[in-house]
Amino acid sequence: MNGDTKKSSISARCPVPVDQIPIKEYESMSESWFYCWGARSLKGYLIPVISLWLLSWLVVGPMAAVSFSPAKLPLQFMISASLGALILPVLALVQLYIGWNHVCDRLSGQSVFYEESGWYDGQVWDKPEEVFNRDRLIADYQVKPILLRLQKTFAAICGILAFSLVTWQFI
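Residues numbered from 1 in each chain as written. Predicted model: local features only at pLDDT ≥ 70, side-chain atom pairs only at ≥ 80, totals over all residues. Heavy atoms only, no water.

To continue, consider a nonpolar patch on the surface. On the surface, a nonpolar cluster with roughly 500 Å² of combined accessible area is contributed by Leu55, Leu58, Val59, Met63 and Leu88. Per-element tally for the nonpolar patch: the top contributor is helix α3 (residues 42-67), with four residues. Structurally, the position occupied by Leu88 is in helix α5 (residues 87-108). (Patch = residues over 30% accessible without salt bridge, like charges linked within 9 Å, V, L, I, M, F, W, Y side chains within 5 Å. Areas by Shrake-Rupley, 256 points an atom, 1.4 Å probe, with all protein chains shown as cover. Salt bridge = Lys/Arg side-chain N within 4 Å of Asp/Glu carboxyl O. Helix = DSSP H or I, 4+ residues; strand = E, 2+ residues; numbered from the N terminus.)

Next up on the list: the nonpolar core. Membership of the largest hydrophobic core comes to 31 residues, with the highest contact counts inside it found for Tyr26, Leu96 and Trp100. No other element matches helix α6 (residues 129-169), which puts eight residues into this core. Among all residues touching Tyr26, those that are not within four sequence positions of it are Trp100, Val103, Leu107, Ile138, Gln142 and Val143. Ranked by size, the runner-up nonpolar core spans six residues in total, among them Trp57, Val60, Ala64 and Phe77. (Core = buried A, V, L, I, M, F, W, Y, C linked by side-chain atoms within 4.5 Å. Buried < 20%, exposed > 50% of the residue type's maximum accessible area, 1.4 Å probe, protein only. Contact = heavy atoms within 4.5 Å.)

When pLDDT drops low, the exact placement of atoms in the prediction is not to be read closely. Confidence in the prediction for the protein averages 91 pLDDT; 92% of positions are at 70 or higher. Model confidence for the protein, summarised as mean pLDDT per element, is weakest for helix α1 (residues 2-13) at 53 and strongest for α5 at 97. (pLDDT = per-residue confidence, 0-100.)

Here strand β1 (residues 111-115) shows a buried face lined by Val112 and Tyr114 and an unburied face lined by Ser111, Phe113 and Glu115. With five bridges connecting them, β1 and strand β2 (residues 122-126) associate as antiparallel partners. Its bridge partner lying in β2, Glu115 is registered against Gly122. (Pairing = 2+ DSSP bridges.)

Attention shifts here to the pattern of salt bridges. Opposite charge on two side chains permits them to pair, given that their charged atoms come into close proximity. By the definition in use, this model includes five salt bridges. Asp135 is the salt-bridge partner of Arg134, the closest N and O atoms lying 3.0 Å from each other. Under the relative-accessibility criterion, Asp135 is labelled buried at 1%. Note that Lys144 and Asp140 form a salt bridge whose closest N and O atoms lie 3.1 Å from each other. With Lys144 and Asp140 both in helix α6 and four residues apart, the pair spans about one turn of that helix.

To continue, consider the packing of aromatic side chains. Taken as a whole, this structure holds nine aromatic pairs when the rule is applied. One aromatic cluster is present, built from ring pairs that chain together Trp33, Phe34, Tyr35 and Trp37. Positioned over the ring face of Tyr45 is Arg149, at 4.8 Å from the centre of the ring. (Phe/Tyr/Trp six-rings, centres within 6.5 Å; stacked < 30°, edge-to-face > 60°. Lys NZ or Arg CZ within 6 Å of the ring centre and 35° of its normal.)

Its place among the elements puts Gly122 in strand β2. Under the relative-accessibility criterion, Gly122 is labelled partly exposed at 32%. Dropping the residues within four chain positions of it, Gly122 is found in contact with Phe113, Tyr114 and Glu115.

Relative placement of two packed helices is described by the angle separating their axes and the distance separating the axes. α6 packs onto helix α4 (residues 74-84) with a crossing angle of 155 degrees between their chain directions and a minimal axis gap of 11 Å. It follows from the interaxial angle that α4 and α6 lie roughly antiparallel. The element α4 and its partner α6 pack so that their crossing is left-handed. Two secondary-structure elements touch here, α4 through Gln76, Ile79, Ser80 and Leu83 and α6 through Ile160, Leu161, Ser164, Thr167 and Trp168. When grouped by side-chain class, the residues that make up the contact of α4 with α6 number five nonpolar, four polar and no charged. (Axes fitted to C-alpha atoms, helices over the stretch in contact; angles between N-to-C directions. Parallel < 35°, antiparallel > 145°, perpendicular 65-115°, else oblique. Left-handed = near helix turned anticlockwise from the far one by under 90°. Nonpolar A, V, L, I, M, F, W, Y, C, P; charged D, E, K, R; others polar.)

Laid out in structure tokens, this is it:
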């Protein structure tokens, strides 16, 4: 009961609008159908990424086939279509990264910038020590692993791109 009283007194002292409180932003992103991809298990994370890549093939495959005939130049066709199909997953992953990075910055910061009614009346609220510690723990143990996974995914995509470009030189 004492913990609930403490939470409500912190909430009462917080001038930040509810939808701009960092913990609320984190909770809404965690429940979002798009942003929750980053927090899923490895299989749950890879399925949407691979699905976007395969879906991109519907558009990119015919374009690559016009440039490189699959019957005559199968390797060039596969490389160009595979790399072209990476555009949609990369855009989705960039959006995931930007969103989670924004929440991580808001959770990790000692102060919170917020707008009371519009862009012209921005204010800054310094978090009390207990709120700062709670938010920092959430950032360190919940959000940063998502950002690390996304960074590793970008590194893997860069590795695939580099390998494909080197391979292209020898075919």
